Amino acid sequence: MKLGLIQMPVTAHRDQNVRTALRYIEEMKQQGAELAVLPEMFLCPYGNESFRSFAEPAGGPVWKAMSAAAKETGLYLVAGSLPEQGEDGCLYNTSFVFGPDGRELARHRKIHLFDIDVSGGQHFRESDTLSAGTHPTLFDTPFGRVGVCVCFDIRFPELSRWIALQGARLIVVPAAFNPTTGPAHWELVFRSRAVDNQVFTVGVAPARDESAAYVSYGHTLAADPWGRLLAQFGAEAQAAVVELDLGKTDTVREQLPLLSARRADLYDLRWDSSSLR
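Bear in mind that the values here come from a model prediction, so they are computed numbers and not experimental data.

This part is about the overall build of the protein chain. Within the protein chain one finds six helices and 15 strands. For the protein chain, the C-alpha radius of gyration of 17 Å lies close to 19 Å, the compact-globule estimate for 277 residues. The proportion of buried residues among the 277 residues of the protein chain is 53%. Of the contacts made within the protein chain by residues no fewer than 6 positions apart, 67% connect residues no fewer than 24 positions apart.

Here we take up the packing of helix H1 (residues 14-30) against helix H3 (residues 61-73). Relative orientation of the contacting elements H1 and H3 amounts to 15°, with a least axis distance of 10 Å. Classed by the angle they form, the pair H1 and H3 counts as roughly parallel. Considering only the axes of H1 and H3, their crossing is right-handed. Packed against H1, whose contacting residues are Val18, Ala21, Leu22, Ile25, Glu26 and Lys29, the element H3 presents Val62, Ala65, Met66, Ala69 and Thr73 at the interface. Grouping the amino acids of the contact of H1 with H3 by side-chain chemistry returns eight nonpolar, one polar and two charged.

The next thing to look at is the nonpolar core. Leu38 and Met66 are the most contacted members of the largest nonpolar core, which totals 40 residues. Looking at this core, the elements that each hand over two or more residues are H1, helix H2 (48-54), H3 and strand S5 (91-98). Ignoring anything within four residues of it in the chain, the contact list for Met66 reads Val18, Ala21, Leu22, Ile25, Leu38, Phe42, Leu77, Ala79 and Phe98. Counting 23 residues, the second-largest nonpolar core is a separate cluster that includes Leu3, Leu35, Val172 and Val242.

About the thresholds
- Residues numbered from 1 in each chain as written.
- Predicted model: local features only at pLDDT ≥ 70, side-chain atom pairs only at ≥ 80, totals over all residues.
- Heavy atoms only, no water.
- Helix = DSSP H or I, 4+ residues; strand = E, 2+ residues; numbered from the N terminus.
- Rg over C-alpha atoms; globule rule 2.2 N^0.38 Å.
- Buried < 20%, exposed > 50% of the residue type's maximum accessible area, 1.4 Å probe, protein only.
- Contact = heavy atoms within 4.5 Å.
- Axes fitted to C-alpha atoms, helices over the stretch in contact; angles between N-to-C directions.
- Parallel < 35°, antiparallel > 145°, perpendicular 65-115°, else oblique.
- Left-handed = near helix turned anticlockwise from the far one by under 90°.
- Nonpolar A, V, L, I, M, F, W, Y, C, P; charged D, E, K, R; others polar.
- Core = buried A, V, L, I, M, F, W, Y, C linked by side-chain atoms within 4.5 Å.

Right, dumping it as structure tokens:
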């Protein structure tokens, strides 16, 4: 799979952000990508007031623009995330996934909300505005099954393990760590999830804007099932295509049979579907 990683700048102007995203998607197509990934909250600044003012429902103008972009380029598209106005009246941090025909293949509402207060560092509460999603997300491609998380979700090993046990070979994560958490945990977390589950992991962030209220760490990356970095950007705007041999998951699992050696007689991991609303 040729994967297009889009670390784009995000401004306070909706239309400008959409135009930037569309330009990068077309650029990824020209570079031979088969799946392209936008960053978390590519539509608006990362902040509770922006979540409220930029929110739109599924099927809204930005949803339609991303659907059309996927169809026009023939790409699978993980359209980062945006503030979704749910049919239940709640706001969600949602990643929409589109197929090459423009159909919505999946919709991941961020399950774990980013509520942190790091002493001497970052303070933020997504739950002041957003509601949590209720289920993991997978979609199928000709290259293999793909799992989707949004940012804080990747910190929870149980979620990535469940996704891997459902046959995913790749976990894609639109994300926006910050200068407090990024240097400490960004690379560590993605490489850890890759090694633990013997899958490819990809984190796609917005470019860094030091003048923003919330500053993205950037450093979009891709790790393989052995935990090696295949690509990592800096802080500036950048887009590039990285090639993933998804069959490598089988090779690594044969050499180190971690998943097959699990003691499911002693412990197991299940998704309780009754949690769906």
